[in-house]
Amino acid sequence: MPLDPTANKASAQAMRPEFSSACERCSGLCCVALCFSTVDGFPYNKPDGEPCRHLQADSRCELHSTLAQRGLKGCIAFECFGAGQQLTQARQNGQQTPQNTTLIFRAFLALRQLRELLWYLRDALDAAPMLRPQLLALQRETEALTTQPVEQMATFDVQPQRVKINTLLLQTSELVRTAARKGAPPIRIAGKPLQRGADLAAADLRKADLVGANLRGACLIAANMSNTKLFSADLIGADLRDAQVHGADMIGSLFLTQAQLNQAKGDAATRLPPHLFRPAHW
Ligand code: SF4
Ligand code: SF4
């Protein structure tokens, strides 16, 4: 089957350039700021604030071209939603120059969360025009928070903003999923009603009706979702590690991120929203 042209990386990133990780314009913040472990698909166990031993002096990864071969899924999956280059550029431009690197790493983690929330708001704006005024107001407010000085960002508590945004995201989800179900009966998986945060690890969902499904926070690790239709399915926070999405139609799914796709297993027949791209290792 020919590749879906909308799944091209350049065209996907062009649709939401502000969220694309531009590692070439970043000082490798994620490879230093994060603590990680082999269990999560990183090369070794490392505390936060310590540079990964594979990060070179030029802030490039010496393993970059072989991450997939080495099975470093954590490295492949990570997305910063543009936080890394935003912070790096601000520092290079002399706008923000704190000496304390711990502050910078804390600021990076907070900024990444804010930018992720902006990603979800962008999805909601596309999906629920009836909520546009409220969504736009929160988008403006959140964008303003992303420009606060590093010292402030480092101690910024994202949670209250997350709660506010999540209220609107839930409304969006409800509206979109209800419209998609068109009065169809509630979704049941293996005889049980599908509920938010469902544990569907390794479940065979190939025949499940997932249009408009509430898969918020669902554990879909190694679930088989091949050839499913996920139109208007809410996937926010769903764990898609090793989930099989071969041939699945994910166009029109809600709150899907590149990081989730990077962890799933798909193929040339998987249909993706135009602002997301097919991972190189599929
Ligand atoms: S923080 Fe973002 S831009 Fe920087 S290296 Fe990591 S993924 Fe790339
Ligand atoms: S292996 Fe490469 S991508 Fe992974 S954390 Fe280390 S430097 Fe970063």
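Higher on the page you've got the structure.
Calculation rules
Residues numbered from 1 in each chain as written. Chains lettered and ligands numbered in written order. Predicted model: local features only at pLDDT ≥ 70, side-chain atom pairs only at ≥ 80, totals over all residues. Helix = DSSP H or I, 4+ residues; strand = E, 2+ residues; numbered from the N terminus. Expected span 1.5 Å × (residues − 1). Buried ≥ 20, exposed ≤ 12 C-beta atoms within 10 Å, placed from the backbone. Contact = placed C-beta atoms within 7 Å. Axes fitted to C-alpha atoms, helices over the stretch in contact; angles between N-to-C directions. Parallel < 35°, antiparallel > 145°, perpendicular 65-115°, else oblique. Left-handed = near helix turned anticlockwise from the far one by under 90°. Near = placed C-beta within 6 Å. Nonpolar A, V, L, I, M, F, W, Y, C, P; charged D, E, K, R; others polar.

Caption draft 1: Spotlight on helix α8 (residues 159–181). Over its 23 residues, α8 runs 32 Å from end to end, which matches the ideal 33 Å to within 8%, given 1.5 Å per residue. The complete set of buried residues in α8 reads Ile 165, Leu 169, Thr 172, Ser 173 and Val 176. The secondary structure elements touched by the buried residues of α8 are α5 (101–127) and α6 (132–145). Phi turns positive one or two residues past the end of α8, at Lys 182, with a value near 50°.

Caption draft 2: Region of interest: the packing of helix α4 (residues 83–92) against α5. Their axes nearest at 9 Å, the elements α4 and α5 cross at an angle of 135°. Compared by their axis directions, α4 and α5 come out oblique. In terms of crossing hand, the pair formed by α4 and α5 is right-handed. Contacts between α4 and α5 involve Ala 83, Gly 84, Gln 86 and Leu 87 on the former and, on the latter, Ile 104, Ala 107, Phe 108, Leu 111, Arg 112 and Arg 115.

Caption draft 3: Seen up close, the site of ligand 1. As a matter of local geometry, ligand 1 sits amid Ser 21, Ala 22, Cys 23, Cys 26, Gly 28, Leu 29, Cys 30, Phe 78, Cys 80, Gly 84 and Gln 85. Of the residues assigned to the shell around ligand 1, the class counts are seven nonpolar, four polar and no charged.

Caption draft 4: Local environment of the environment of Gln 244. The topology assignment puts Gln 244 in the loop between β2 (192–193) and α9 (258–263). When the C-alpha positions of Gln 244 and Val 32 are compared, they lie 31 Å apart, and in sequence the two are 212 residues distant.

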